[in-house]
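Each chain, letter by letter, is given below.
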Amino acid sequence: MSNTTNCRVCNGTVGEFFDFGRQPLSDAFVEPGADPAQEFFYRLAVGVCGSCAMVQLMEEVPRDRMFHEAYPYHSSGSAVMRAHFEELAKRLLTTELAREDPFVVELGCNDGVMLKALADAGVRHLGVEPSGGVADVAALKGVRVRKSFFEEQTAREILAEDGPADVIYAANTLCHIPYMGSILAGVKALLHPGGVFVFEDPYLGDIIARTSFDQIYDEHFFFFSASSVRAMAAAHGLELVDVERLPVHGGEVRYTLAHAGARTPSDAVAALVAEERAAAIDDPATLRAFGERVLRIRTDLVALLRRLREEGSVVVGYGATAKSATVTNFCGIDTDLVAYVCDSTPAKIGRLTPGAHLPVREPAAFAAPYPDYALLFAWNHADEIMAKEQAFRDAGGRWIRYVPDVHVV
Ligand code: SAM
Ligand code: TMP
Ligand code: ZN
């Protein structure tokens, strides 16, 4: 009999469709020489709810293990993402925030990359960010931050102190939060009657279409679609009123929710729901077929890396992403196959990747000397990275990609 659990949105039955086995925390970079027995592992498996079609993890990692003082991810690490958030801030200023004394709340503001632009424009704002280290970076930029997890109680406290929010925004954060009932109750309470809750996260449709299985790791608890978000919103007195597909992070959707009945849903909502239905993206058969493609990628990637090792080629990783924890640990990639990984994040450099224990080195190490092949773990930043590292290609280096399938470019 297959494994089941209860849906974190509607309490229906979630049926498992893929098991990645034992995995470490994707952002828990290890100090060299640390006691291996101290490393935390959990079972990474993913399923779909038979009632509301929400795709979600089968097991939850306690939030304090993932989001704390030493959380290493800094949103400002990508120039493309900086531009993405600045563009959104600009757009909000001329639309939802173009009213008297607007107030915006961001969940998971991280290092303040988005709110800084609104703070500079003099907009009343608050970032809610539980990871202390990145919250401090935001505060240093002049962003007003509250160091806590957003949930219903936090929302009620913010409402009492600051009044209702015209915009509540969350990027790459809502999908990280299993306690969705508390979040949406909080949003419902804090949101101004005419306000909007805007959030953007990796899109299930893109994950299925591209077989981007490495989007699945401890922090990504939910894999949203327009259909599942619409049902989730409706259960909490909210309504999905707009969707916008985004090219960032390998394909995302920006969802806009309003109080139920407050706005007329755009045609884009019905169109995306229809597209999802036609592609049957949340059908168990579709999801099982996705799992078969994941197994194929593992077989092909390991075969390629072994062949390159036998040929005497040097392979290094590029981008010690959270996503790469799933790839390296699921595929059993160790230093025999990938010598080290280059990454620009200060908190990752000098440490070992979770589970697989590949050394993380500074970006300058990439060129000293260039490897023969680079395994592009940060494939969601491919254009930015491949342009920046053009000299690697010019020197005869080749990139290894594994989404949507294993290929060398
Ligand atoms: N918004 C940024 C971006 O898109 O680059 C940061 C995304 S980062 C992957 C996820 C962030 O969500 C982390 O900084 C984490 O601390 C924060 N987070 C996790 N649970 C949260 C919660 N309950 N309330 C607010 N933030 C949360
Ligand atoms: P992400 O896929 O979660 O955004 O993580 C990207 C990782 O890749 C992050 O650790 C920073 C790193 N990175 C580089 O090392 N160089 C780069 O040019 C970019 C864009 C990211
Ligand atoms: Zn459900």
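Residues numbered from 1 in each chain as written. Chains lettered and ligands numbered in written order. Predicted model: local features only at pLDDT ≥ 70, side-chain atom pairs only at ≥ 80, totals over all residues. Heavy atoms only, no water.

A. Focus on the site of ligand 1. Within the structure, ligand 1 sits among 20 residues, and Ser75, Gly108, Glu129, Ser131 and Asn172 are positioned closest to it. One of the side-chain nitrogen or oxygen atoms of Asn110 is found 3.2 Å away from an oxygen atom of ligand 1. Contact between ligand 1 and Phe150: a nitrogen atom at 2.9 Å from a main-chain N or O atom of the residue. Taken together, the residues of the shell around ligand 1 sort by class into 11 nonpolar, seven polar and two charged. (Near = heavy atom within 4 Å. Polar contact = N/O pair within 3.5 Å; in protein donor to acceptor, adjacent residues only side chain to side chain. Nonpolar A, V, L, I, M, F, W, Y, C, P; charged D, E, K, R; others polar.)

B. Quick look at the packing of helix H5 (residues 152–162) against helix H6 (residues 180–190). Here H5 crosses H6 at 15 degrees, and the two axes come no closer than 7 Å. On the basis of their axis angle, the class for H5 and H6 is roughly parallel. In the crossing of H5 with H6, the sense of the turn from one axis to the other is right-handed. Judged by residue contacts, Glu152, Ala155, Arg156, Ile158 and Leu159 of H5 engage Ser182, Ala185, Gly186, Ala189 and Leu190 from H6. Class assignment of the residues belonging to the contact of H5 with H6 gives a composition of six nonpolar, two polar and two charged. (Axes fitted to C-alpha atoms, helices over the stretch in contact; angles between N-to-C directions. Helix = DSSP H or I, 4+ residues; strand = E, 2+ residues; numbered from the N terminus. Parallel < 35°, antiparallel > 145°, perpendicular 65-115°, else oblique. Left-handed = near helix turned anticlockwise from the far one by under 90°. Contact = heavy atoms within 4.5 Å.)

C. Layout of the site of ligand 2. The full set close to ligand 2 counts 18 residues, and Lys323, Asp343, Lys348, His381 and Lys388 are the nearest of them. Between ligand 2 and His381 there is a distance of 2.8 Å, counted from an oxygen atom to a side-chain nitrogen or oxygen. When the free accessible area of ligand 2 is taken as 490 Å², the share hidden by the protein chains comes to 94%. If you tally residues by element for the shell around ligand 2, the top one is helix H12 (residues 382–388), at three residues. Within the shell around ligand 2, the residues separate by chemical class into five nonpolar, eight polar and five charged. (Areas by Shrake-Rupley, 256 points an atom, 1.4 Å probe, with all protein chains shown as cover.)

D. Up close: the pattern of salt bridges. Going through the model one piece at a time under the given rule, you end up with 26 salt bridges. The salt bridge partner of Glu16 is Arg43, with a shortest N-O separation of 2.9 Å. Of this pair, Glu16 sits in strand E2 (residues 13–24) while Arg43 sits in strand E3 (residues 41–49), placing them 27 residues apart in sequence. Classification of Glu16 as buried rests on a relative accessible area of 19%. By relative accessible area, which is 23% here, Arg43 ends up partly exposed. With a shortest N-O distance of 3.2 Å, Asp19 and Arg43 are connected by a salt bridge. (Salt bridge = Lys/Arg side-chain N within 4 Å of Asp/Glu carboxyl O. Buried < 20%, exposed > 50% of the residue type's maximum accessible area, 1.4 Å probe, protein only.)

E. Layout of the packing of aromatic side chains. Scanning all chains against the criterion turns up 22 aromatic pairs. Consider the rings of Phe199 and Phe224, whose centres lie 5.7 Å apart with planes at 70 degrees: the pair is edge-to-face. In this pair, Phe199 is assigned in strand E9 (residues 191–202) and Phe224 in the loop between strand E10 (222–223) and helix H8 (226–234), connecting sequence segments 25 residues apart. An identical accessibility class is assigned to Phe199 and Phe224; each is buried. Three or more aromatic residues joined by ring pairs make a cluster, and in this case those are Phe18, Phe20, Phe213, Phe330, Phe377 and Tyr402. The ring of Phe41 has Arg22 sitting right over it, with the charged end atom 4.2 Å from the ring centre. (Phe/Tyr/Trp six-rings, centres within 6.5 Å; stacked < 30°, edge-to-face > 60°. Lys NZ or Arg CZ within 6 Å of the ring centre and 35° of its normal.)

F. Structural context of the domain arrangement of the chain. Under the domain assignment used here, the chain contains domain 1 (75–284) and domain 2 (285–408). Once you take the C-alpha centre of each, domain 1 and domain 2 turn out to be 30 Å apart. Across the boundary between the two partners, domain 1 contributes 22 residues, which contact 20 residues of domain 2. Both faces combined, the contact of domain 1 with domain 2 buries some 2,000 Å², and carbon together with sulfur accounts for 64% of it. Area buried by domain 1 at its contact with domain 2 is led by Thr211, Phe213 and Asp214, which between them contribute 35% of it. Our count for the domain 1 to domain 2 interface comes out at 16 residue pairs in polar contact (both at pLDDT 80 or more). Counting only elements with at least two residues in the side of domain 1 that touches domain 2, the list comes to helix H2 (79–94) and helix H7 (204–210). When its residues are assigned to classes, the side of domain 1 that touches domain 2 shows 12 nonpolar, six polar and four charged. (Domains from an automatic or database assignment. Buried area = accessible area lost by both parts, 1.4 Å probe.)

G. Representation of the sheet that holds E2 within the structure. Taken in spatial order, the five strands of this open sheet run E1-E2-E3-E4-E10, and their pairing is antiparallel. Every other strand in the sheet has two partners, leaving strand E1 (4–6) and E10 as the edge strands with one partner each. In the sheet, E3 pairs with strand E4 (residues 55–57) via three bridges, with the strands oriented antiparallel. Its bridge partner being in E4, Gly47 is matched across the sheet by Gln56. Against the sheet, helix H10 (residues 284–311) touches E2, E3 and E4, its axis set at about 20 degrees to E2. (Pairing = 2+ DSSP bridges.)

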